[in-house]
Amino acid sequence: MTERWLVTFLQDEFARRGFNKAVVGLSGGVDSAVTAFLCARALGPENVIGVRMPYRTSSPESLEHAQLVGDALGMELRTIEITNAVDGYLAFEPDADPARRGNVMARMRMIILFDLSSRYRALPVGTGNKTERLFGYFTWHADDSPPINPLGDLYKSQVWALARQLGVPDIVISKPASADLIKGQTDEGDFGISYARADVLLNWLLNGHSPEDLVARGFDPAEVELVRRRLSGTHWKRRLPAVAMVSPTAIGEAYLRPVDY
């Protein structure tokens, strides 16, 4: 049911915008793999371009796992090394910490995807899941930039389940989730909580239950507070830029199409 809905969503969005090709950044992780599988089902694998964009510190396994996805789908797969572009800028900012360097890499990858979208007359498709979006675990105006995102309302746990249904290679599903920006980095290590526990707490909170209620139901108070703080502290990353309204026809406020409501 979910697979059919997401495939239909992609077909409708591409038709509405007048495109029939997709560009997907393949990181070697499960989110981008599921996105590629869905696009292949919606548009045909011949209309999906997968792009691997390694940095010099990227794990070789990430490239290998992205290749497995490309091979499984029979889609076009390109590899564009971002090291020179990223290091060219960071040469002017040699003291940049790992977080800044990671943000530069993420934004460089979006530059590539959007440029290739012009070359192929294709739409870039986003790969971020609901848990990442609610935790603010993405680079602002990078990972969230593509105009279409089929996974944005699926928790990470649901993405893993969908991956199994779609036939994503097992090694891609079973490995620890990682942004692969720093050696040994994992998502859950950064969070301080597993995706499985975070997804349950997020679902309770989004359905109107208070942190006090969750603690009363037996959830760990420290984990409840961790998730609450992440959720409430990153709302700004999930909104469009705040525009000062100086007229009654402000875009996104008064000037709305029916689909915007």
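In case you missed it, the structure is sitting above this.
Quick summary incoming for the structure in this document. (Residues numbered from 1 in each chain as written. Predicted model: local features only at pLDDT ≥ 70, side-chain atom pairs only at ≥ 80, totals over all residues. Heavy atoms only, no water.)

1. Details of the pairing of strand 3 (residues 76-79)
Within a regular strand, side chains alternate between the sheet's two faces. Rules: Two strands qualify as a pair provided DSSP detects at least 2 bridges between them. Runs of E in the DSSP output that reach at least two residues are strands. Runs of H or I that reach at least four are helices, and both are numbered from the N terminus. When the strands point away from the viewer, a crossover counts as right-handed if the route from the first strand across the helix to the second turns clockwise.
In terms of strand pairing, strand 2 (residues 48-52) meets strand 3 through 4 bridges, oriented parallel. Its bridge partner lying in strand 3, valine 51 is registered against arginine 78. Handedness of the strand 2-helix 3 (residues 60-73)-strand 3 crossover: right-handed.

2. Some details on the side chain of aspartate 31
Selection rule: Under the scheme applied here, a residue whose accessible area is under 20% of the maximum for its type counts as buried, over 50% as exposed, and between as partly exposed, the area being computed with a 1.4 Å probe on protein chains only. Contacts are assigned to residue pairs that have any heavy atoms within 4.5 Å of one another.
Counting through the fold element by element, aspartate 31 comes out in helix 2 (residues 30-43). Under the relative-accessibility criterion, aspartate 31 is labelled buried at 8%. In contact with aspartate 31, other than residues within four places in its own chain, are Thr127, Asn129, Glu132, Leu151, Lys156 and Val159.

3. Quick word on the sheet that holds strand 4 (residues 123-124)
In space, the 4 strands of this open sheet follow the order 3-2-1-4, with parallel pairing throughout. Each of the sheet's edge strands pairs with one partner strand only, and the pair in question is strand 3 and strand 4.

4. Quick notes on the nonpolar core
Filter applied, for reference: Definition used in this section: a nonpolar core is a set of buried Ala, Val, Leu, Ile, Met, Phe, Trp, Tyr and Cys residues joined via side-chain atoms within 4.5 Å.
If you look at the biggest cluster of nonpolar residues, it comprises 52 residues, and the most contacted ones within it are Val34, Leu38, Phe135 and Val168. Ignoring sequence-local partners within four residues, the contact set of valine 168 consists of Ala33, Val34, Phe37, Ala163 and Ile173. Among the nonpolar cores identified, the runner-up in size contains 20 residues, and Val23, Ile49, Val51 and Ala96 belong to it.

5. A look at the pattern of salt bridges
Any two side chains of opposite charge can pair, so long as their charged atoms come close to each other. Spelled out, the test is: The working definition used for a salt bridge is a side-chain nitrogen of Lys or Arg within 4 Å of a carboxyl oxygen of Asp or Glu.
Tallied over the full model, the rule gives 11 salt bridges. A salt bridge links glutamate 3 to arginine 41; the shortest N-O distance between them is 3.0 Å. Of the two residues, glutamate 3 sits in helix 1 (residues 2-17) while arginine 41 sits in helix 2, which places them 38 residues apart along the sequence. Residue class for arginine 41 comes out partly exposed when judged on its relative accessible area of 38%. Here the salt bridges do not stand alone but share partners, grouping Glu13, Arg16 and Arg17 into one network.

6. Thoughts on the packing of aromatic side chains
Just so we agree on the cut-off: Stacked, tilted and edge-to-face are the three classes assigned to paired rings of Phe, Tyr and Trp, where Trp is represented by its six-membered ring and a pair needs centres within 6.5 Å; plane angles under 30 degrees give stacked, over 60 edge-to-face, the rest tilted.
Counted according to the given criterion, the structure contains 7 aromatic pairs. For the ring pair tryptophan 160 and tyrosine 195, a centre distance of 5.6 Å and an interplane angle of 85° mean the geometry is edge-to-face. Note that tryptophan 160 is positioned in helix 7 (residues 156-166) and tyrosine 195 in helix 10 (residues 195-206), a separation of 35 residues in sequence. The pair formed by tryptophan 160 and tyrosine 195 is uniform in burial state, with each residue classed as buried. Considering the side-chain rings of tryptophan 204 and phenylalanine 219, the 6.3 Å spacing of their centres and the 65° angle between planes classify their relative orientation as edge-to-face. Separated by 15 residues along the polypeptide, tryptophan 204 in helix 10 and phenylalanine 219 in the loop between helix 11 (211-216) and helix 12 (221-233) bring together distant segments of the chain.

7. Examining the environment of threonine 2
Mapping threonine 2 onto the fold places it in helix 1. On the basis of relative accessible area, threonine 2 is assigned to the partly exposed category, the value being 39%. A C-alpha to C-alpha distance of 22 Å links threonine 2 and asparagine 20, two positions 18 residues apart in sequence.

8. Things to note about the environment of arginine 78
Secondary-structure assignment places arginine 78 in strand 3. Spatially, the C-alpha atom of arginine 78 lies 4.8 Å from that of valine 51, the residues being 27 residues apart in sequence. Not counting residues within four places of it along the chain, the set of residues in contact with arginine 78 comprises Ile49, Gly50, Val51, Arg52, Leu116, Arg119 and Tyr120.

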